[in-house]
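# Structural description and commentary
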Amino acid sequence: MAVPLVAAADRSLARPRRRLPAALAVLAVLGLVGAVTLLGLRPPAPHAADAPPGEFSAARAHQHVTRFADRPHPSGSAANDEVRRYLVDTLTDLGLAPEVQDTVGREAGQLSGAAAGTTLARIRNVIAQISGTDPTGQVILVAHYDSVQSGPGANDDGAGVATLLEVARALSGTERARNDIVLLFTDAEEACLCGASAFVAGHRLAADRDAVVVNLEARGFTGPVITFETSPDNAGLIDVFARSAPHPVGTSFAVEVYRLLPNDTDFTPFLDAGFAGLNSAYLDGSAIYHTPQDTPESMDLASLQHHGDNTLGLARGFGAADIPALTTDTDATYFPTPVGLVHYSATLNWPLALLAGVAVGVLAWLVRRRGRASWPRLAAGFGLATVPLIAAPVAAQLLWAGVVALRPEYADLLDPHRPVPFRLAVLTLTATVVITWYALLRRRVGPAALAVGALCWLALLGLLLAALVPGGSYLAALPALAGAAGGLVALSLRITGPAAVAALVAGVAVGVLILLPATVLLFPALGMGTGGAAALFATLLGLAALPVLDLVLPQAGGQRGSAALRARRVGPVPGVAAGVATLVLVAVGLAVDRFDDEHPVPTHLVYALDTDTDEAYWLSHQTRPQQWISGYVDDATEVAESFPLLGAGGLRSGPAEAADLPAPALDVLDDSGVVEDGRRTLRLRLLPQRPVRLVALHVLAGPAVVESATVAGQQVPAGDGVAATADGEPWTFGVVFHAPPPQGVEIVLVLGPDPAGADGGADEIRMRVSDGSDGLDDLPGFTPRPPGIGVAGSHTSELVTVARTYTF
């Protein structure tokens, strides 16, 4: 039997008699909940240098940063040697016995470097151990002490290194932990993760897999430290994290997303080897990432304090734990709140998602039963909720595309130097979409129908996420469950009473607690270029808030005469105000985020010299070069064949004056010649002829193929890293070696005839050798950058590469 609809004025989940005071109270309560939630994400205040000895002090840790991160110190450089000596001396002064692991490490993970081929490096890790009293395993604290060539690396990863030194000081002055604590300062992380790989593959301390790894990173200069990656089956780890870290910030959703991305850190080799552990970093302020602006002065000491407090807490927490007992067969679902990290077993994801679906279904039935909406109106509310879910993220992406069109330099930055106005603009734009959509439809469809339709989408997303991204299910399921519970309570009370409003506010408050941190943390994690992701989560928050959004708008129906006219006039005002705020915030962002000496325009430039032809080129990966770069490069070109070190893919190029720079030498130490089976063994020495950061060798496709290869005693894959060349011929083998020793790198190649049957067999092979050094200032034709023009954060920024072909 059809249930008649109640009067239009009563088609909300609550209709307080005094609408304006109720609306103000709702805004005050939810604003307070939001403010407290955001304050819970803020890093702690930095402790002064005279803090108690057992505490972490950002001021003391920062003193280390100023001593070793005053200039770039990439692996193999003289500055890198100085940092290593500083680490050894400091650890020795703390009463520890540091050792240096000097070996060759090989790449791990899916590296972002441009070079084609296997990457290796001579690494020198610094390792110290604090023995436990009754160890069940070990806690391995990890940070890398090398920097990129383009910046001093004060944050990446000077912050992690200084944190470990200050943690070691705090631990050395207190009672020893139960478990062994290992301090691992890795080398060549920026080049290839080779230091961590070498430790995992060959150090005696890595033989014991009863260990927990805590890796420290930074990709910016400020913001909260977020635990963004864990090992699988992390429930035991997260329990210790929640109890031991004083300021735990992290979400299981971030872990799920990161597992799908091709990004790697020093945590990757440990993860691949089966170690348990956590990976943490602060991410905001990424405009300085890998640039000369990554200085000690740029560092936010509050973020450093956050790193230190949590690392010291985890060292003590895991140091006291029964490490084998931390092994579980399930992940945890977790998220930050003002009262700490909420965490529970991932086995509850499906029950909670199903419960949310049932609760929303019951709410829909009761809404219809009470005459607040019909089934067709509820279906319309569900279908129409797709409009803001699609429109808001698309609008956010279009907004940023428009900003980049006005200021093209933003295309080369993950985030602007001062991103806050632009982030707020995305949020106000999302509010514009949601409020305008709601204001246009609430009279026709009904407030209750739209609110229930929105909760249906949250419940459905909770189920989809439980199936596809389990750690993210809570983001939709819990707000849906809380919103439905609030709606059910409200419907059981008088529609005009304050208790109904309070029930709805309580349900929406849960959505604020869960979705606001996710929205805010997505901005620095993904950058403005993917602001649509943050807009999507802000839209989910807006949909979860529909039950109370109705209260801050004029009553949806029931008025007559001048009251109805006034309601129609006032209704669009919040949406229009949010739209105006969006335009104002964009204008403010463009006005305050101007490029200057401290916040320069990023520019990428490489010098490449081919000694076969004595021709040189300026190269840049910037597709829309800034005016200064345009003075060096113009046309797009393909350089994979001439300069395989730069990898496949088009660059912009321009002619350069040839400098007097020698290419690496490739000496034949032994040549077996072609033996009866058609194979040939070449033992070569690749020797740089000038101070360089790396050398490379690539074998060009021809009648001979590389069947096996050994580089500096390391077996490497043959035919690894093939890159297409300009004329379609590939490099069939490539190897890049960072921090080459003075005596060069020995390479043994076993060659065989091309299986395709090309003439010639293994009696002829062509190889392209190249090197890489840093700094363009001394090159002919180079003009120093003017004020406001800076160096892009790239592993090839300011690279000088010299190449030559050898035929044997």
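Residues numbered from 1 in each chain as written. Predicted model: local features only at pLDDT ≥ 70, side-chain atom pairs only at ≥ 80, totals over all residues. Heavy atoms only, no water.

## Side note on the overall build of the protein
A tally of helices and strands in the protein yields 22 helices and 25 strands. In terms of overall dimensions, the protein has a C-alpha envelope of 95 × 65 × 55 Å along the principal axes. Taken over 808 residues, the protein has a buried fraction of 58%. Contacts spanning at least 24 positions in sequence make up 81% of the contacts within the protein whose residues lie at least 6 apart. Between the mean site of the 52 positive side-chain charges and the mean site of the 76 negative ones, the protein shows a separation of 21 Å. (Helix = DSSP H or I, 4+ residues; strand = E, 2+ residues; numbered from the N terminus. Buried < 20%, exposed > 50% of the residue type's maximum accessible area, 1.4 Å probe, protein only. Contact = heavy atoms within 4.5 Å. Lys, Arg positive; Asp, Glu negative; His and termini not counted. Charge placed at Lys NZ, Arg CZ, Asp CG, Glu CD.)

## What about the confidence of the model for the protein?
Taken over all residues, the pLDDT of the protein has a mean of 91, while the share at 70 or more is 92%. Of the regions scoring below 50 in pLDDT, residues 110-114 engages in 10 contacts with residues more than four places distant in sequence or in other chains. Residue range residues 720-729 is modelled with pLDDT below 50. Its contacts to residues more than four positions away, or to other chains, number 29 contacts. (pLDDT = per-residue confidence, 0-100.)

## With respect to the pairing of strand E23 (residues 766-774)
Burial runs high along E23: seven of the nine residues are buried. Pairing analysis gives six bridges linking strand E17 (residues 694-700) to E23, with the strands arranged antiparallel. Within E23, the position partnered with Ala-696 by the bridge is Ser-770. Two elements, E23 and strand E25 (residues 799-807), share seven bridges in a ladder whose sense is antiparallel. Across the sheet, the residue bridging to Ser-770 is Ala-803, located in E25. (Pairing = 2+ DSSP bridges.)

## What to know about the nonpolar core
Counting 89 residues, the largest nonpolar core has Val-367 and Leu-546 as the members making the most contacts within it. Not counting the four nearest positions on each side in its chain, Val-367 is found in contact with Leu-13, Arg-372, Ala-373, Leu-378, Ala-448, Val-452 and Leu-491. Membership of the second largest hydrophobic core comes to 58 residues, among which are Leu-165, Val-167, Phe-185 and Ala-315. (Core = buried A, V, L, I, M, F, W, Y, C linked by side-chain atoms within 4.5 Å.)

## Focus: unusual backbone geometry
With omega at 5°, the peptide bond leading from Asp-156 into Asp-157 counts as cis. By secondary structure assignment, the location of Asp-157 is in the loop between strand E3 (138-144) and helix H4 (158-172). Phi is positive for Ala-188, which is not a glycine, with a value near 60°. Here Ala-188 lies in the loop between strand E4 (180-186) and helix H5 (189-192).

## Concerning the pattern of salt bridges
One pass over the structure, following the stated rule, counts 23 salt bridges. Among the salt bridges present, the one from Arg-690 reaches Asp-771, with a minimum N-O distance of 2.9 Å. Residue Arg-690 is located in the loop between strand E16 (680-687) and E17, and its partner Asp-771 is located in strand E23; the two are separated by 81 residues in the primary sequence. Since its relative accessible area comes to 13%, Arg-690 is described here as buried. Look at the salt bridges and you will find they share partners, linking Arg-60, Glu-166 and Arg-169 into a network. (Salt bridge = Lys/Arg side-chain N within 4 Å of Asp/Glu carboxyl O.)

## Some words on the packing of helix H14 (residues 420-445) against helix H17 (residues 498-526)
The N-to-C vectors of H14 and H17 enclose an angle of 135°; their axes lie 11 Å apart at closest approach. Judged by the angle between their axes, H14 and H17 are oblique. Crossing hand, H14 versus H17: right-handed. Of H17, the residues touching H14 (which contributes Arg-423, Val-426 and Leu-427) are Thr-519, Phe-523 and Pro-524. When its residues are assigned to classes, the contact of H14 with H17 shows four nonpolar, one polar and one charged. (Axes fitted to C-alpha atoms, helices over the stretch in contact; angles between N-to-C directions. Parallel < 35°, antiparallel > 145°, perpendicular 65-115°, else oblique. Left-handed = near helix turned anticlockwise from the far one by under 90°. Nonpolar A, V, L, I, M, F, W, Y, C, P; charged D, E, K, R; others polar.)

## Section: the sheet that holds E16
Spatial strand order, E15-E16-E22-E18-E19: five strands in an open sheet with antiparallel pairing. Edge positions in the open sheet fall to strand E15 (665-671) and strand E19 (714-716), since each of these has one partner strand only. The sheet shows a mean angle of 30° between the axes of neighbouring strands, direction not considered.

## Examining the packing of aromatic side chains
Aromatic rings in a pair are described by how distant their centres are and how their planes are angled relative to each other. Under the counting rule described, the total for this entry stands at 20 aromatic pairs. On the numbers, 6.0 Å between centres and 45° between planes, the contact of Phe-199 with Phe-270 is tilted. On the criterion of sequence distance, the pair formed by Phe-199 in helix H6 (residues 194-202) and Phe-270 in helix H9 (residues 267-272) is long-range, its members being 71 residues apart. The buried category is assigned to Phe-199, whose relative accessible area is 0%. The interplanar angle of 15° and the centroid separation of 5.3 Å between the aromatic rings of Trp-400 and Tyr-410 together place this pair among those described as stacked. Of the two residues, Trp-400 is situated in helix H13 (residues 386-406) and Tyr-410 in the loop between H13 and H14; the sequence distance between them amounts to 10 residues. Note on Trp-400: relative accessible area 9%, which makes it buried. Across the ring face of Phe-643, the terminal group of Arg-768 is positioned such that the distance to the ring centre comes to 6.0 Å. (Phe/Tyr/Trp six-rings, centres within 6.5 Å; stacked < 30°, edge-to-face > 60°. Lys NZ or Arg CZ within 6 Å of the ring centre and 35° of its normal.)

## Structural notes on the pairing of strand E8 (residues 332-337)
The element E8 is largely enclosed, with a buried count of six among its six residues. Bridging between E8 and strand E9 (residues 340-345) involves six bridges; their strand directions are antiparallel. Considered in E9, the bridge of Ala-332 is made with Ser-345. In this structure, the hairpin formed by E8 and E9 is closed by a connection of two residues.

## Structural notes on the side chain of Asn-279
On the secondary structure map, Asn-279 appears in strand E7 (residues 276-284). Residue Asn-279 is classed as buried on the basis of its relative accessible area, which comes to 0%. Within polar-contact distance, the side chain of Asn-279 engages the side chain of Asn-215 at 2.8 Å. Filtering out sequence-adjacent residues up to four positions away, Asn-279 remains in contact with Asn-215, Ile-226, Thr-227, Phe-228, Glu-229, Thr-265 and Phe-267. (Polar contact = N/O pair within 3.5 Å; in protein donor to acceptor, adjacent residues only side chain to side chain.)

## Side note on helix H16 (residues 474-491)
Look at H16: 25 Å from first C-alpha to last across 18 residues, which is about the 26 Å you get at 1.5 Å a residue. In terms of residue burial, H16 counts as a mostly covered element, since 15 of its 18 residues are buried. (Expected span 1.5 Å × (residues − 1).)

## Regarding the environment of Ile-747
When you line up the elements, Ile-747 lands in strand E22 (residues 745-753). Placed 511 residues apart in sequence, Ile-747 and Gly-236 show a C-alpha to C-alpha distance of 45 Å. The contact partners of Ile-747, leaving out residues within four places of it in the chain, are Leu-682, Arg-683, Leu-684, Leu-686, Leu-697, Thr-710, Val-711 and Val-735.

## A look at the environment of Thr-333
Within the fold, Thr-333 resides in strand E8. Overall, the relative accessible area of 0% leaves Thr-333 in the buried class. For the pair formed by Thr-333 and Ala-656, sequence separation is 323 residues and the distance between their alpha carbons is 56 Å. With near-sequence residues (within four places) excluded, Thr-333 lies in contact with Ser-252, Val-342, His-343, Tyr-344, Ser-345, Ala-346, Asn-349, Pro-470, Gly-471 and Tyr-474. Only 2.9 Å separates the side chain of Thr-333 from the side chain of Asn-349, close enough to count as a polar contact.

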